[in-house]
Amino acid sequence: MKACIMCGGAGTRLRPLTFKHPKPSIPILNKPSVLHLIEHLSREGFNEIVITLGYMGELIEEQLGDGHMFGVHIDYVYEREKLGTAGGVKNAEAYLKDEPFIVLGGDHVLNLNLREMYRFHESNDAPVTIGLISIDDPREFGIADMDINNRIRRFLEKPKAGQIFSNLASTGIYVCDPLIFEWIPRHRKFDFAKDLFPWMLEAGKKINGVLVRGQWTDVGSSAAYRQAQRWMLDALPGTTIEGHFTTRNARIRGPLSIGNNVCIGSNSSLVGPIVIGENTIIGDNVLIGPYSVIGSNCIIEDNAKILSSYLFDNVSIGKDSNISGGVVADETVIGDHCFLENGTVIGHKVIIGNNSTIHSGVKVWPEVTIGENSNIKDIVINPDYDTAHDGS
Ligand SMILES: CC(=O)N[C@H]1[C@@H](OP(=O)(O)O)O[C@H](CO)[C@@H](O)[C@@H]1O
């Protein structure tokens with residue numbers, strides 16, 4: 001079975017993390033998030049994959065290669081201009097013209113039964129089947145009204161407060177017949193939710209919906225990113241400890257996945273679920289609390305506390321510092337006695353001087369140096385980085 005993964009977006013809502021990684025490459029449990037999706041597709045029997053690329057696409061291609069390591073074959077198609085979701089898939093038509101295919105977003109984190117959705121599509125006669133979930137607040141999604149025979153009667157993208165006629169939200173996962181390519185203009189921005197579906201309903205073409213079972217999120221914002229990691233951490237098996245690590249007398253409670261060459265100092269306490277990459281050094285009296293992921297080659301100095309936080313690779317945390325509910329991107333150095341409050345997101349190669357506090361929810365752009373004793377309450381922008389916002 002074939003799948004098309006849309007990986008072209010700039011991920012502006014996830015800045016500053018997306019200055020270094022395109023959204024599908026942002027690490028989840030220390031692996032590019034799209035890799036979890038590919039592994040799931042492979043398990044579900046979708047092993048011919050085409051990926052549409054735009055922003056920083058080369059990095060994704062470099063990380064995934066031809067896919068053979070993951071039991072799939074991957075082709076890549078680059079979008080030289082913004083074509084929208086349907087336009088981007090049309091650009092990959094050459095790989096998708098023979099049989100129905102599933103379309104997913106490169107930022108989807110899920111464990112849905114996609115094979116069941118594909119089989120449903122095959123045994124029904126609509127050219128498009130939309131995967132739907134039932135949620136409390138669907139304002140950030142496309143919503144659909146579906147009849148008892150699964151036929152979608154109405155579809156509205158991002159409804160306003162008074163327009164929410166249904167709580168069935170589109171997951172942005174579609175199974176499509178190649179026939180749809182006839183309805184998508186070439187070399188023009190065209191979107192599934194904003195253009196194709198409204199046109200199909202207007203023209204009397206059939207669109208089916210199917211309620212999908214399991215977990216699904218699109219990693220659009222840092223809150224969704226944190227949620228996605230939580231799910232994946234919850235799915236860690238029992239007390240697994242994979243790598244070789246050394247410790248004097250740390251107290252360790254799983255689930256914990258740990259890379260090779262990790263060193264944990266004395267009297268430190270690790271309470272899972274936690275994932276730690278390779279070659280990371282953890283000092284004495286360090287507390288690492290549940291729902292934390294620490295990358296490779298990190299240094300966590302004595303008496304630091306890391307609670308529900310995600311540190312990418314090559315991050316250093318100084319003595320007595322406290323990172324609580326934060327995300328810290330690669331190669332950032334945080335001094336001694338610092339406090340990162342809940343919801344902070346720190347870009348790559350940032351330096352934060354000793355005794356500084358980054359207040360709750362503050363984002364710091366990459367390659368910024370923050371002096372000692374600072375008290376940062378507002379976003380810190382680096383003017384060398386583009387701040388234009390296209391919402392994707
Ligand atoms: C224009 C468009 O493609 N909208 C889709 C898409 O929204 P974004 O905000 O563009 O990610 O994905 C949603 C699912 O994540 C889906 O509900 C919605 O219909």
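Residues numbered from 1 in each chain as written. Predicted model: local features only at pLDDT ≥ 70, side-chain atom pairs only at ≥ 80, totals over all residues. Heavy atoms only, no water.

Per an unreviewed UniProt entry, the protein goes by Bifunctional protein GlmU and derives from Methanosarcina thermophila. Comment text from UniProt for the protein, heading Subcellular location (unreviewed entry), reads "Cytoplasm, Cytosol". (UniProt positions renumbered as here; feature names shortened; annotations may be inferred.)

We now examine the overall build of the protein. Secondary structure assignment for the protein yields 7 helices and 36 strands. Taking 21 Å as the expected radius of gyration for a compact globule of 392 residues, we find that the protein reaches 22 Å, a close match to that expectation. Expressed along its principal axes, the backbone C-alpha trace of the protein runs to roughly 65 × 40 × 35 Å. Scored against the burial criterion, the 392 residues of the protein give a buried share of 55%. Long-range contacts, defined as pairs at least 24 residues apart, comprise 47% of the intrachain contacts of the protein with a sequence gap of at least 6. When the 36 positive and 47 negative side-chain charges of the protein are each reduced to one mean point, those points stand 4 Å apart. (Helix = DSSP H or I, 4+ residues; strand = E, 2+ residues; numbered from the N terminus. Rg over C-alpha atoms; globule rule 2.2 N^0.38 Å. Buried < 20%, exposed > 50% of the residue type's maximum accessible area, 1.4 Å probe, protein only. Contact = heavy atoms within 4.5 Å. Lys, Arg positive; Asp, Glu negative; His and termini not counted. Charge placed at Lys NZ, Arg CZ, Asp CG, Glu CD.)

The subject of this paragraph is the sheet that holds strand E21 (residues 287-288). Here we have 8 strands laid out as an open sheet, ordered E15-E18-E21-E24-E27-E30-E33-E36, and parallel in their pairing. Every interior strand has two partners, whereas the edge strands, strand E15 (251-253) and strand E36 (375-376), have only one. Of the pairings in the sheet, the one linking strand E27 (residues 322-324) to strand E30 (residues 339-340) comprises 2 bridges and is parallel in character. Looking at E30, one finds that Ile323 is bridged to Leu340. (Pairing = 2+ DSSP bridges.)

So, on to the UniProt feature "domain: EIF2B subunit epsilon/gamma LbH" (unreviewed entry) in the protein. As annotated in UniProt, the feature "domain: EIF2B subunit epsilon/gamma LbH" (unreviewed entry) corresponds to residues 260-358 in the numbering used here. In residues 260-358, the share of helix is 0% and the share of strand is 40%. The end C-alpha atoms are 32 Å apart.

On to the site of the ligand. The ligand sits among Phe141, Gly142, Glu157, Lys158, Ser170, Thr171, Gly172, Asp191, Ala193, Lys194, Trp216 and Asp218. Lys158 is positioned such that a nitrogen or oxygen atom in its side chain is 2.8 Å from an oxygen atom of the ligand. In the environment of the ligand, an oxygen atom lies 2.6 Å from a nitrogen or oxygen atom belonging to the backbone of Ser170. Compared with its free state, where it exposes 430 Å², the ligand has 81% of that area covered by protein. Those elements that place two or more of their residues in the shell around the ligand are strand E11 (168-176), helix H6 (192-202) and strand E13 (216-218). Considering every element that reaches the shell around the ligand, the biggest residue donor is E11, with 3 residues. Its residues assigned to classes, the shell around the ligand shows 3 nonpolar, 4 polar and 5 charged. (Near = heavy atom within 4 Å. Polar contact = N/O pair within 3.5 Å; in protein donor to acceptor, adjacent residues only side chain to side chain. Areas by Shrake-Rupley, 256 points an atom, 1.4 Å probe, with all protein chains shown as cover. Nonpolar A, V, L, I, M, F, W, Y, C, P; charged D, E, K, R; others polar.)

Another point: the pairing of strand E9 (residues 142-146). On a regular strand, one side chain projects to one face of the sheet and the next to the other, so that they alternate. Judged from the 5 bridges that link them, E9 and strand E10 (residues 152-157) form a sheet pairing that is antiparallel. If you follow Met146 over to E10, its bridge partner there is Ile152. Between E9 and the antiparallel strand that follows it, E10, lie 5 residues; Asn150 among them carries a positive phi value of about 70°.

Let's shift gears to the environment of Glu341. With respect to the helices, strands and loops of the structure, Glu341 is situated in the loop between E30 and strand E31 (345-346). Sequence separation of Glu341 and Val362 is 21 residues, and the distance between their C-alpha atoms is 8.5 Å.

Inspection of the secondary structure puts Val364 in strand E34 (residues 363-364). Between the C-alpha atoms of Val364 and Ile28, which are 336 residues apart in sequence, the distance is 20 Å. Ignoring sequence-local partners within four residues, the contact set of Val364 consists of Pro16, Val345, Ile346, Gly347, Val350, Ile358, Ile370 and Val380.

Looking at the protein, the domain boundaries give domain 1 (2-221) and domain 2 (240-376). Centre-to-centre, using C-alpha coordinates, domain 1 lies 34 Å away from domain 2. Counting residues at the interface gives 11 residues for domain 1, matched by 19 residues for domain 2. Of the roughly 1100 Å² buried between domain 1 and domain 2 on both sides combined, carbon and sulfur atoms contribute 71%. Linking Asp330 and Lys20 is a salt bridge whose minimum nitrogen-to-oxygen distance equals 3.7 Å. Applying the counting rule to domain 1 against domain 2 returns 2 residue pairs in polar contact (both at pLDDT 80 or more). The class makeup of the residues in the side of domain 1 that touches domain 2 is 6 nonpolar, 2 polar and 3 charged. (Domains from an automatic or database assignment. Buried area = accessible area lost by both parts, 1.4 Å probe. Salt bridge = Lys/Arg side-chain N within 4 Å of Asp/Glu carboxyl O.)

Moving on, we come to the sheet that holds E31. Taken in spatial order, the 7 strands line up as E16-E19-E22-E25-E28-E31-E34 in an open sheet, and their pairing is parallel. Each end of this open sheet is capped by a strand with a single partner; those strands are strand E16 (256-258) and E34. Summarising the sheet, strand E19 (residues 274-276) and strand E22 (residues 292-294) pair through 3 bridges and their orientation is parallel. Bridge assignment links Ile274 to a residue of E22, and that residue is Ser292.

Negative phi values dominate among residues other than glycine, just as trans dominates among peptide bonds. A cis amide bond links Arg15 to the next residue, Pro16, at an omega of 10°. By secondary structure assignment, the location of Pro16 is in the loop between strand E1 (2-7) and strand E2 (27-28). Cis geometry is adopted by the peptide bond preceding Pro273, which originates at Gly272 and carries an omega value of 5°. Mapped onto the elements, Pro273 comes out in the loop between strand E18 (269-271) and E19. The residue Asn285 is not glycine, and still its phi comes out positive at about 55°.

Moving on, we come to the packing of aromatic side chains. By the definition in use, this model includes 12 aromatic pairs. When the ring of Phe141 is compared with that of Trp216, the centres are 5.9 Å apart and the planes differ by 55°; the resulting orientation is tilted. Pair noted here: Phe141 is in the loop between strand E8 (128-134) and E9 and Trp216 is in strand E13, with a separation of 75 residues, a long-range link. Relative accessible area serves as the criterion here: at 17%, Phe141 is assigned to the buried category. Taking the relative accessible area as the measure of exposure, Trp216 reaches 8% and is therefore buried. Linked through ring pairs, Phe155, Tyr174, Phe192 and Phe197 together constitute an aromatic cluster. Lying over the aromatic face of Phe165, Arg154 brings its terminal NZ or CZ to 3.9 Å of the ring centre. Here the guanidinium or amino end of Arg230 rests over the ring plane of Tyr291, the centre of that ring lying 3.9 Å away. (Phe/Tyr/Trp six-rings, centres within 6.5 Å; stacked < 30°, edge-to-face > 60°. Lys NZ or Arg CZ within 6 Å of the ring centre and 35° of its normal.)

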